[in-house]
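Chains, contacts and geometry: an overview
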Amino acid sequence: MEPRKKFFVPVCLYPHTKYRTRDGLEALFEKYSFAENQHVMVVADRLLALDRIVTGRYALPKNVYLKARKEAEQVMKLIRRTAKSHGSAGNAQIYFWDEMADREDYKTFSARMLNEIENSEAFSGHINKFVDTRINRFGSNATPDRSRDAEYEYIVSEVMMSVFCTEQFGYSTEIWERPIPKDAPDPLRILYADFPQLVEKVTGKPVERSLTFLFDEPAHSADLSDSEDKNLS
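These remarks concern the structure in this document.

Cut-offs applied
- Residues numbered from 1 in each chain as written.
- Predicted model: local features only at pLDDT ≥ 70, side-chain atom pairs only at ≥ 80, totals over all residues.
- Heavy atoms only, no water.
- Helix = DSSP H or I, 4+ residues; strand = E, 2+ residues; numbered from the N terminus.
- Rg over C-alpha atoms; globule rule 2.2 N^0.38 Å.
- Buried < 20%, exposed > 50% of the residue type's maximum accessible area, 1.4 Å probe, protein only.
- Contact = heavy atoms within 4.5 Å.
- Lys, Arg positive; Asp, Glu negative; His and termini not counted.
- Charge placed at Lys NZ, Arg CZ, Asp CG, Glu CD.
- Phe/Tyr/Trp six-rings, centres within 6.5 Å; stacked < 30°, edge-to-face > 60°.
- Arc of directions from axis to C-beta.
- 1 Å grid on protein atoms, 1.4 Å probe; cavity = no way out; pocket = protein on both sides within 12 Å on 5 of 7 lines; lining within 4 Å.
- Points joined across faces, edges and corners; volume = space filled by probe spheres on them.
- Nonpolar A, V, L, I, M, F, W, Y, C, P; charged D, E, K, R; others polar.
- Salt bridge = Lys/Arg side-chain N within 4 Å of Asp/Glu carboxyl O.
- Pairing = 2+ DSSP bridges.
- Axes fitted to C-alpha atoms, helices over the stretch in contact; angles between N-to-C directions.
- Core = buried A, V, L, I, M, F, W, Y, C linked by side-chain atoms within 4.5 Å.
- Polar contact = N/O pair within 3.5 Å; in protein donor to acceptor, adjacent residues only side chain to side chain.
- Expected span 1.5 Å × (residues − 1).

Quick look at the overall build of the chain
In terms of regular secondary structure, the chain is built from nine helices and five strands. The linear arrangement of helices and strands in the chain, starting from the amino end, is β-α-β-α-α-β-α-α-α-α-β-α-α-β. Relative to its length of 233 residues, the chain is compact, with a C-alpha radius of gyration of 17 Å against a globular reference of 17 Å. In terms of overall dimensions, the chain has a C-alpha envelope of 55 × 40 × 35 Å along the principal axes. For the chain, with 233 residues in total, the buried portion stands at 49%. Contacts spanning at least 24 positions in sequence make up 81% of the contacts within the chain whose residues lie at least 6 apart. Side-chain charges of the chain comprise 33 positive and 37 negative groups, with the mean position of each set lying 4 Å from the other.

So this is what it looks like as structure tokens:
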């Protein structure tokens, strides 16, 4: 009998993502046979909030995380209904972003990973370049320091969650909705292409992560940001 595969799915919450729709989730569950294969899904409500801080599209900063969580709760309900209809609930671990980040094993891992990132002048240089690119394109001129801090947290958190779930937690195949456009920052590609030893130092073993895509056509750059959402409160 073929061993079950183990998938990690970061569930983005941008307005144009198919993960906000039943059809998109049906495609995900069917393509990767979630009824037979184990999977961990992390709903990226914190990243959505950070992106909105970057762009300055919120009325009150204290509300940005609450609004993102409310939207994530709706997506979480849709995920659970889809899992039930596919008979895959028993194979799933589903988290909000901060739920996963609050696990003790994640805290231990992320402290080591962050230390290695910040001590690698070359890799941290790539991250800072990505941050500058995003801030120049989408950042709020009204609160530039806050925007930059949020973008840095966004990128570093995205990297650490991916490495933790694929390398440490054991869900080695990561599923992205679509390939990233050529003009969009991709620190994970840089990490695994040029700095695999950084990952290996943190995990103590050779890298195992592989990447696959639900849809083959790349997303538009604008779809990777919430900057077009006009209805934030």
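Continuing now.
So, the packing of aromatic side chains
A full pass over the atoms with the stated rule returns 10 aromatic pairs. Both rings, one in Phe109 and one in Phe164, keep their centres 5.4 Å apart while their planes meet at 50°; by these two values the pair is tilted. With Phe109 in helix α5 (residues 104-119) and Phe164 in helix α7 (residues 144-168), the pair connects residues that are 55 residues apart, well separated along the chain. Taking relative accessible area as the criterion, Phe109 reaches 1% and is therefore assigned buried. Centre to centre, the rings of Trp176 and Phe213 are 6.2 Å apart; their planes meet at 65°, and the pair counts as edge-to-face.

As for helix α9 (residues 196-203)
Leu198, Val199, Val202 and Thr203 are the residues of α9 that are buried. Buried residues along α9 cover an arc of 120° about the axis, so they all sit on one side. Elements that come into contact with the buried residues of α9 comprise α5, α6 (121-138), α7 and α8 (187-194).

Here we look at the layout of surface pockets
Considered as a void within the structure, the second largest pocket measures approximately 160 Å³ in volume. What lines the second largest pocket is simply Arg46, Trp97, Asp98, Ala101, Asp102, Tyr106, Tyr152, Glu153, Val156, Ser157 and Met160. Sorting the residues of the lining of the second largest pocket by element identifies α4 (97-101) and α7 as the ones contributing at least two each. For the lining of the second largest pocket, a count of residues per class yields six nonpolar, one polar and four charged.

What to know about the pattern of salt bridges
Evaluation of the coordinates by the stated rule reveals 17 salt bridges. The shortest N-O distance in the salt bridge between Arg46 and Glu153 comes to 2.8 Å. With Arg46 in helix α2 (residues 45-55) and Glu153 in helix α7, this pair connects stretches of sequence that are 107 residues apart. Among the ionic pairs, Arg134 bridges to Glu151, the shortest N-O distance being 3.5 Å.

A closer look at the sheet that holds strand β5 (residues 210-213)
Taken together, five strands build an open sheet; the order of strands is β3-β2-β1-β4-β5 and the sheet is parallel. What marks the edges here is a single partner per strand, and that holds for β3 (92-96) and β5. Along the sheet, successive strands turn relative to each other by an average axial angle of 20°, direction set aside. By the bridge criterion, two bridges tie strand β1 (residues 6-11) to strand β4 (residues 173-176) in an arrangement that is parallel. Directly across from Phe8, in β4, lies its bridge partner Glu174.

What to know about the nonpolar core
One recurring pattern in soluble globular proteins is that nonpolar side chains are buried together. If you look at the biggest cluster of nonpolar residues, it comprises 69 residues, and the most contacted ones within it are Leu28, Met113 and Leu191. For this core, the leading source of residues is α7, giving 10 residues.

Some remarks on the side chain of Thr166
Along the polypeptide, Thr166 turns up in helix α7. A distance of 2.7 Å separates the side chain of Thr166 from the backbone oxygen of Ser162, its partner in a polar contact. Apart from the residues within four sequence positions on either side, Thr166 is in contact with Phe8, Tyr171, Ser172, Glu174, Tyr192 and Arg209.

Focus: α6
For α6, with 18 residues, the first-to-last C-alpha span of 25 Å sits near the 26 Å given by 1.5 Å per residue. Taken residue by residue, α6 has Phe123, Ser124, Ile127, Phe130, Val131, Arg134, Ile135 and Phe138 as its buried positions. Summarising the axial view, the buried residues of α6 lie within an arc of 130°, below the 170-degree limit, and thus occupy one face. Opposite the packed face of α6, turned more than 90 degrees from it, sit the exposed residues Glu121, Lys129 and Asn136. Tucked inside the fold, the buried residues of α6 contact α2, α5, α7, α8 and α9.

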